Amino acid sequence: MNNHSELVEIATAELKQYGIRPEVTHTNGGHIMISWRAAPEKEPRCVVTSKTGSDWRGRMNIRADVRRLLRADNVTKREEPKPKKHPELAKALNLPQPVVPIPDQIAALRGEVADLTELMVRVFKKVSTMGEAVAAKAAPPPPPPEPVSSRSVKIKEYLSLDRWVSLSALPRDTGLSSKQIKLKLDYLVRLGEVSVYQGQAKLNAVEPRPKKPRGRAAQKLKLQAKKLNEHAGADRTNGRKRTRVAA
């Protein structure tokens, strides 16, 4: 919207508030003339504005000119018609509202509490039934893990020859209790394979002990030893007999 059309709209809007419809014409001098007549007995009025643009002062000036001419004609603003009042509706709204007696209110409250209690009991029964059904279909919990056997854990595998290992770290690494670890370390200390000093343990550089045969290997070795003993006894007996014959 350019400035000259804005000025025309300001003037016409101001006149419409008083119920006046102006006439907008263009003059030969390149201006715009806004003319009106407040009443048939009043003289015609007009304001002239240029077609070229203007600043905020031009908007204020044209509004002031229109208002000055309207005051000169003693024109007042047209009041909007007020909505008609309906006496029947106003009377109905002003009627006193019915009030429920207190005993009836107490009886209604007791009924609502009873209904709510019955509803809560039904919900509790349904929830209990659903919980039992879910518990019956749920898988049983896994069995607790078996305690670690101290015989299956070799404490020497967690010790080192070139550094000391803290005894407080062995229960975490091996999964054994402190008592089981102490028994194993005491046994290895007696054998001379481990040294314990100020809460630390370390392997000793010793030759590994030969393992004793067990099971079938031990029985086989016993049979071989028995045969060797029998052969040695037979050789001694034959030697004695030869000595007697030679004598």
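Right above here is the structure, for reference.
Notes on the structure follow.

The rules behind the values
Residues numbered from 1 in each chain as written. Predicted model: local features only at pLDDT ≥ 70, side-chain atom pairs only at ≥ 80, totals over all residues. Heavy atoms only, no water. Patch = residues over 30% accessible without salt bridge, like charges linked within 9 Å, V, L, I, M, F, W, Y side chains within 5 Å. Areas by Shrake-Rupley, 256 points an atom, 1.4 Å probe, with all protein chains shown as cover. Salt bridge = Lys/Arg side-chain N within 4 Å of Asp/Glu carboxyl O. Helix = DSSP H or I, 4+ residues; strand = E, 2+ residues; numbered from the N terminus. Buried < 20%, exposed > 50% of the residue type's maximum accessible area, 1.4 Å probe, protein only. Core = buried A, V, L, I, M, F, W, Y, C linked by side-chain atoms within 4.5 Å. Contact = heavy atoms within 4.5 Å. Expected span 1.5 Å × (residues − 1). Arc of directions from axis to C-beta. Pairing = 2+ DSSP bridges. Polar contact = N/O pair within 3.5 Å; in protein donor to acceptor, adjacent residues only side chain to side chain. Phe/Tyr/Trp six-rings, centres within 6.5 Å; stacked < 30°, edge-to-face > 60°.

1. Overview of a nonpolar patch on the surface
Residues Leu116, Leu119, Met120, Val123 and Val127 make up a contiguous nonpolar surface patch of about 470 Å² in total accessible area. Turning to its location among the elements, Met120 is positioned in helix α4 (residues 102–137). On the basis of relative accessibility, which here comes to 52%, the residue Met120 falls in the exposed class.

2. Details of the nonpolar core
One broad rule of soluble globular proteins: the nonpolar side chains tend to lie buried together. Residues Leu15, Ile34, Trp36, Val47, Ile62 and Leu70 are the most contacted members of the largest nonpolar core, which totals 15 residues. Looking at this core, the elements with two or more residues in it are α1 (3–16), β2 (31–36) and α2 (56–72). Among the elements that line this core, the one with the most residues is α1, at five residues. Among residues more than four places away in sequence, those in contact with Val47 are Ile32, Met33, Ile34, Trp36, Ile62, Asp65, Val66 and Leu69.

3. Quick look at helix α6 (residues 178–191)
If you check α6, its first and last C-alpha atoms are 20 Å apart, about what 14 residues at 1.5 Å a residue would give, namely 20 Å. Taken together, the buried positions of α6 are occupied by Ile181, Leu185 and Leu188. Relative to the axis of α6, the buried residues are bounded by an arc of 65° and lie together on one face. Turned more than 90 degrees away from the buried face of α6 sit Lys179, Lys182, Leu183 and Arg190, all of them exposed.

4. Re the sheet that holds strand β4 (residues 165–166)
Strand order in this open sheet of three strands is β4-β6-β5, and the pairing throughout is antiparallel. Edge positions in the sheet fall to β4 and β5 (194–197), since each of these pairs with one other strand and no more. Pairing analysis gives four bridges linking β5 to strand β6 (residues 200–203), with the strands arranged antiparallel. In the strand pairing of β6, Ser195 is matched with Lys202.

5. Here we look at the side chain of Thr12
Within the secondary structure, Thr12 sits in helix α1. At 3.0 Å, the side chain of Thr12 and the backbone oxygen of Glu9 are in polar contact. Beyond its immediate stretch of four places on either side in the chain, Thr12 contacts Pro22 and Val24.

6. Focus: the packing of aromatic side chains
Aromatic ring pairs: the centre-centre distance and the angle between the two ring planes describe each pair. Considering all chains together, one arrives at one aromatic pair under this definition. The interplanar angle of 55° and the centroid separation of 6.5 Å between the aromatic rings of Trp164 and Tyr197 together place this pair among those described as tilted. Highlighted residues: Trp164 in the loop between α4 and β4 and Tyr197 in strand β5, separated in sequence by 33 residues.

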